[in-house]
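Here are the chains, one letter per residue:
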Amino acid sequence: MEQSRLVIRAYKIKRGDTVCSIAREFNISIISLLKVNQHKNPKQLTIGDTLAVPTEDSDSA
């Protein structure tokens, strides 16, 4: 049986990144991305800052 668990990855913001483009890159919702980064203002992303990105990690059990 496969179980998935939530894993938080660090993502360093690059030139041209937006909340939408980052969410799309990791195939997650914008809401999920914003929930784990509540301390960040999505309108003030700075190149070099780090965002937490929730992803699912599947393990075979």
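Residues numbered from 1 in each chain as written. Predicted model: local features only at pLDDT ≥ 70, side-chain atom pairs only at ≥ 80, totals over all residues. Heavy atoms only, no water.

Regarding the overall build of the protein chain
Reasoning step 1: Across its full length, the protein chain holds 2 helices and 2 strands.
Reasoning step 2: Along the protein chain, helices and strands appear, N-terminal first, in the series β-α-α-β.
Reasoning step 3: In the protein chain, of all internal contacts separated by at least 6 residues, the share reaching a separation of at least 24 is 67%.
Reasoning step 4: On the protein chain, roughly 4,600 Å² of surface is accessible, and the fraction owed to carbon and sulfur atoms is 49%. (Helix = DSSP H or I, 4+ residues; strand = E, 2+ residues; numbered from the N terminus. Contact = heavy atoms within 4.5 Å. Areas by Shrake-Rupley, 256 points an atom, 1.4 Å probe, with all protein chains shown as cover.)

Some remarks on empty space enclosed by the protein
Reasoning step 1: The final tally for this structure, using the stated rule, is 1 cavity of 30 Å³ or more.
Reasoning step 2: Lining the largest cavity, in full, are Val19, Leu33, Leu34, Asn37, Lys40, Asn41, Pro42, Leu45 and Leu51.
Reasoning step 3: Class assignment of the residues belonging to the lining of the largest cavity gives a composition of 6 nonpolar, 2 polar and 1 charged. (1 Å grid on protein atoms, 1.4 Å probe; cavity = no way out; pocket = protein on both sides within 12 Å on 5 of 7 lines; lining within 4 Å. Points joined across faces, edges and corners; volume = space filled by probe spheres on them. Nonpolar A, V, L, I, M, F, W, Y, C, P; charged D, E, K, R; others polar.)

Examining the confidence of the model for the protein chain
When pLDDT is low, close inspection of the predicted coordinates is not appropriate.
Reasoning step 1: Chain-level statistics for the protein chain give a pLDDT mean of 89 and a share of 89% at 70 or above.
Reasoning step 2: Here strand 2 (residues 50-60) is the element of the protein chain with the lowest mean pLDDT, 80, and helix 1 (residues 19-25) is the one with the highest, 96. (pLDDT = per-residue confidence, 0-100.)

Considerations on the packing of aromatic side chains
Each pair of aromatic rings is reported with the distance of its centres and the angle of its planes.
Reasoning step 1: For the structure shown, the criterion picks out 1 aromatic pair.
Reasoning step 2: Centroid distance Tyr11 to Phe26: 5.5 Å. Interplanar angle 85°. Geometry classified as edge-to-face. With Tyr11 in strand 1 (residues 2-12) and Phe26 in the loop between helix 1 and helix 2 (30-35), the pair connects residues that are 15 residues apart, well separated along the chain. Accessibility classification places Tyr11 together with Phe26 in one group, the buried group. (Phe/Tyr/Trp six-rings, centres within 6.5 Å; stacked < 30°, edge-to-face > 60°. Buried < 20%, exposed > 50% of the residue type's maximum accessible area, 1.4 Å probe, protein only.)

Description of the pattern of salt bridges
Reasoning step 1: In this structure the tally under the stated criterion is 1 salt bridge.
Reasoning step 2: Here Asp49 ties to Lys40 by a salt bridge, and the two come within 4.0 Å at their closest N and O atoms. (Salt bridge = Lys/Arg side-chain N within 4 Å of Asp/Glu carboxyl O.)

Concerning unusual backbone geometry
Reasoning step 1: Backbone geometry at Asn27 places phi at a positive 55°, although glycine is not the residue there.
Reasoning step 2: For Asn27, a relative accessible area of 73% gives the class exposed.

Focus: the side chain of Asp17
Reasoning step 1: Here Asp17 lies in the loop between strand 1 and helix 1.
Reasoning step 2: A polar atom in the side chain of Asp17 sits 2.8 Å from the side chain of Tyr11.
Reasoning step 3: Looking at Asp17, its side chain comes within polar contact range of the main-chain nitrogen of Lys14, at 2.7 Å.
Reasoning step 4: Leave out the neighbours within four places in its chain, and Asp17 touches Tyr11, Lys12, Ile22 and Leu45. (Polar contact = N/O pair within 3.5 Å; in protein donor to acceptor, adjacent residues only side chain to side chain.)

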